[in-house]
Amino acid sequence: MKPSLLAKLQQLAERLEAVDRLLSAPDATDRMDEFRKLSKERSDLAPVVAGFHDYQRLEADLSAAQDWMNDPELKEFAQEEILRLKTAVEEKDAALQLLLLPKDPNDERNVILEIRAGTGGDESALFSADLLRMYMRFAERNRWQAEILSANASDLGGYKEVIVRIAGNGAYSKLKFESGGHRVQRVPQTETQGRIHTSACTVAVLPEADEVAEVIFSPDELRIDVFRASGAGGQHVNKTESAVRITHLPTGLVAECQDDRSQHKNKERALKVLAARVRDQQMRELHAKEASARKLMIGSGDRSERIRTYNFPQGRITDHRINLTLYKIDAMMDGDLAELTQTLMSEHQAEQLSAMADA
């Protein structure tokens, strides 16, 4: 293991001891906010430090086994132990490097997922509906809750735009690589001559903002307009001003919702979407300032970046960022995205490890 990593692990071990002392102090619970922060820090540090102690024990055992090589009676046993322990040390080294990777603070957050039809007219809108179903089924498989916050339906049953809130453990960590352009190649329902058409949709995955601390709107920053909802929804929806459009004046970002009969609920949903968009813009500006020249293999998450092609005639889905092609389009469109998301996460970790090794 690199000396710099060993030094980092030793610092974390010392910090864990300090945190334990603070948590066991008689007045530790007098300041509950500080107590919660320390408890969270301890839960993050504990598995890393435990792995470091395991690594140190393995290194000590390996050193002892190498000393046994000088004893003729123990030499054969020592050779077997050295081989076993070297493998164990290498595995623990790799596991510790993964634990030391910088954690995305958003990984455990809920998600605001936005799907918009792009080039391709009605076919693009129909593909938006297919992507919506794919993500809703993926949410079901992960036992997450999914709720449509806003939908702008097309004439043929697709969506010009649809926004979904997905709530569940690790939702953002598994969905964050879905941002970008999604291209579909297939024969549209409206095609009479059997020709394959290409159309596209864009997907944006935003971590849901913390309602308490992260995005606080002052009243003078918001313009709230109410209006009558358009489209399907029954007499009540169309006769009352239940739809809400909220504009964040400093950024010009807009969110609207008209799907519920209650103006209050529509306002609440629109605020959730707006907060996620404002926070996303703030984080993008911050990352742009901090960005290194080296671009992550899995892509930037730019909405305009084409990340994936869905080829229905050939039954394949290709992710262009990692050159992965899977020939199981039916299963994947039914929400079986585990292999794809895990591969993207693994590639991201490999890129981070490479950057850490070069540091």
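Residues numbered from 1 in each chain as written. Predicted model: local features only at pLDDT ≥ 70, side-chain atom pairs only at ≥ 80, totals over all residues. Heavy atoms only, no water.

Participant: Let's hear about the sheet that holds strand 7 (residues 243-248): which residues, and what values?
Facilitator: Judged by pairing direction, the sheet is antiparallel, and its three strands sit side by side in the order 6-7-8 without closing on themselves. The open sheet is flanked by strand 6 (222-227) and strand 8 (253-257), the only strands paired with a single partner. Here the average twist between neighbouring strands, direction ignored, is 15°. Where strand 6 meets strand 7, six bridges bridge the pair, whose relative direction is antiparallel. The residue of strand 7 that forms the bridge with I224 is I246. (Pairing = 2+ DSSP bridges. Helix = DSSP H or I, 4+ residues; strand = E, 2+ residues; numbered from the N terminus. Axes fitted to C-alpha atoms, helices over the stretch in contact; angles between N-to-C directions.)

Participant: I'd like a description of a nonpolar patch on the surface, backed by residues and values.
Facilitator: A cluster of nonpolar residues, W68, L74 and F77, forms a patch on the protein surface that exposes about 260 Å² of accessible area. Mapping L74 onto the fold places it in the loop between helix 2 (32-68) and helix 3 (75-100). (Patch = residues over 30% accessible without salt bridge, like charges linked within 9 Å, V, L, I, M, F, W, Y side chains within 5 Å. Areas by Shrake-Rupley, 256 points an atom, 1.4 Å probe, with all protein chains shown as cover. Salt bridge = Lys/Arg side-chain N within 4 Å of Asp/Glu carboxyl O.)

Participant: Break down the side chain of R165 for me, with residues and values.
Facilitator: With respect to the secondary-structure elements, R165 resides in strand 3 (residues 159-167). Given the relative accessible area of 18%, R165 is considered buried. There is a polar contact of 2.6 Å between the side chain of R165 and the side chain of E208. Residues in contact with R165, not counting those within four places in the same chain, are N110, V111, I112, Q145, A146, E147, L149, E208 and K272. (Buried < 20%, exposed > 50% of the residue type's maximum accessible area, 1.4 Å probe, protein only. Polar contact = N/O pair within 3.5 Å; in protein donor to acceptor, adjacent residues only side chain to side chain. Contact = heavy atoms within 4.5 Å.)

Participant: Tell me about helix 2, residues and numbers included.
Facilitator: Between its terminal C-alpha atoms helix 2 stretches 53 Å, which fits the 54 Å expected from 37 residues at 1.5 Å a residue. At L45, helix 2 shows its maximal bend, which comes to roughly 30°, and the proline P47 appears one to four places after that position. Listed as buried for helix 2 are L38, L45, V48, V49, G51, F52, Y55, L58, L62 and A65. In this fold, the buried residues of helix 2 make contact with helix 1 (3-23) and helix 3. (Expected span 1.5 Å × (residues − 1). Bend = angle between axes of the 7 residues up to and from the residue.)

Participant: Tell me about the packing of aromatic side chains, and please be specific about residues and values.
Facilitator: For the structure on display, the rule yields three aromatic pairs. With centroids separated by 5.2 Å and ring planes inclined at 70°, the aromatic side chains of F127 and Y310 adopt a geometry described as edge-to-face. On the criterion of sequence distance, the pair formed by F127 in helix 4 (residues 121-141) and Y310 in strand 9 (residues 306-311) is long-range, its members being 183 residues apart. Taking relative accessible area as the criterion, Y310 reaches 0% and is therefore assigned buried. Ring centres of F138 and W144 lie 5.6 Å apart, and the angle between their planes is 90°; on these two criteria the pair is classed as edge-to-face. By the burial criterion, F138 is buried, and W144 matches it. Here R186 stacks its cationic end above the ring of F312, 5.0 Å away from the centre of that ring. (Phe/Tyr/Trp six-rings, centres within 6.5 Å; stacked < 30°, edge-to-face > 60°. Lys NZ or Arg CZ within 6 Å of the ring centre and 35° of its normal.)

Participant: How would you summarise the sheet that holds strand 1 (residues 111-117) if you had to cite specific residues and measurements?
Facilitator: With mixed pairing, the eight strands of this open sheet are ordered in space as 2-3-1-5-4-9-10-11. Strands at the two margins of the open sheet, each flanked by one partner only, are strand 2 (145-153) and strand 11 (324-326). Taken over all neighbouring pairs, the strand axes of this sheet differ in orientation by 20° on average, direction set aside. Relative to strand 3, strand 1 is paired through six bridges, and the arrangement is antiparallel.

Participant: Outline the nonpolar core, supporting the account with residue identities and numerical values.
Facilitator: Core analysis: the biggest nonpolar cluster contains 35 residues, and L131, Y135, I166 and Y310 have the highest contact counts within it. Going through the elements one at a time, strand 1, helix 4, strand 3, helix 5 (171-175), strand 5 (197-207), strand 11, helix 8 (329-333) and helix 9 (338-358) are the ones with two or more residues in this core. When neighbours within four sequence positions are excluded, I166 is seen to be in contact with N110, V111, L113, A139, W144, Q145, A146, A171 and L175. (Core = buried A, V, L, I, M, F, W, Y, C linked by side-chain atoms within 4.5 Å.)

Participant: Can you tell me about the pattern of salt bridges, naming the residues and giving the values?
Facilitator: Applying the stated criterion across every chain yields a total of 28 salt bridges. The partner of E81 in a salt bridge is R84, with the nearest N and O atoms 3.0 Å apart. One end of the pair is E81 and the other is R84, both in helix 3 and three residues apart, which spans about a single turn. The salt bridge involving E256 is made with R245; its shortest N-O contact spans 2.9 Å. Here R245 lies in strand 7 and E256 lies in strand 8, a separation of eleven residues in the sequence. Given the relative accessible area of 31%, E256 is considered partly exposed. Residue classification places R245 among the partly exposed positions, given a relative accessible area of 28%. Overlapping salt bridges bring together R133, R137, E140, R141 and D334 as one network.

Participant: Could you give an account of the packing of helix 1 against helix 3, with specific residues and numbers?
Facilitator: Contact geometry for helix 1 and helix 3: axes closest at 12 Å, N-to-C directions at 65°. Of the possible angle classes, the one that applies to helix 1 and helix 3 is roughly perpendicular. For the element pair helix 1 and helix 3, the recorded crossing hand is left-handed. Of the residues in helix 3, those touching helix 1 at L5, K8, L9 and L12 are L96, Q97 and L100. For the contact of helix 1 with helix 3, the class distribution of residues is five nonpolar, one polar and one charged. (Parallel < 35°, antiparallel > 145°, perpendicular 65-115°, else oblique. Left-handed = near helix turned anticlockwise from the far one by under 90°. Nonpolar A, V, L, I, M, F, W, Y, C, P; charged D, E, K, R; others polar.)

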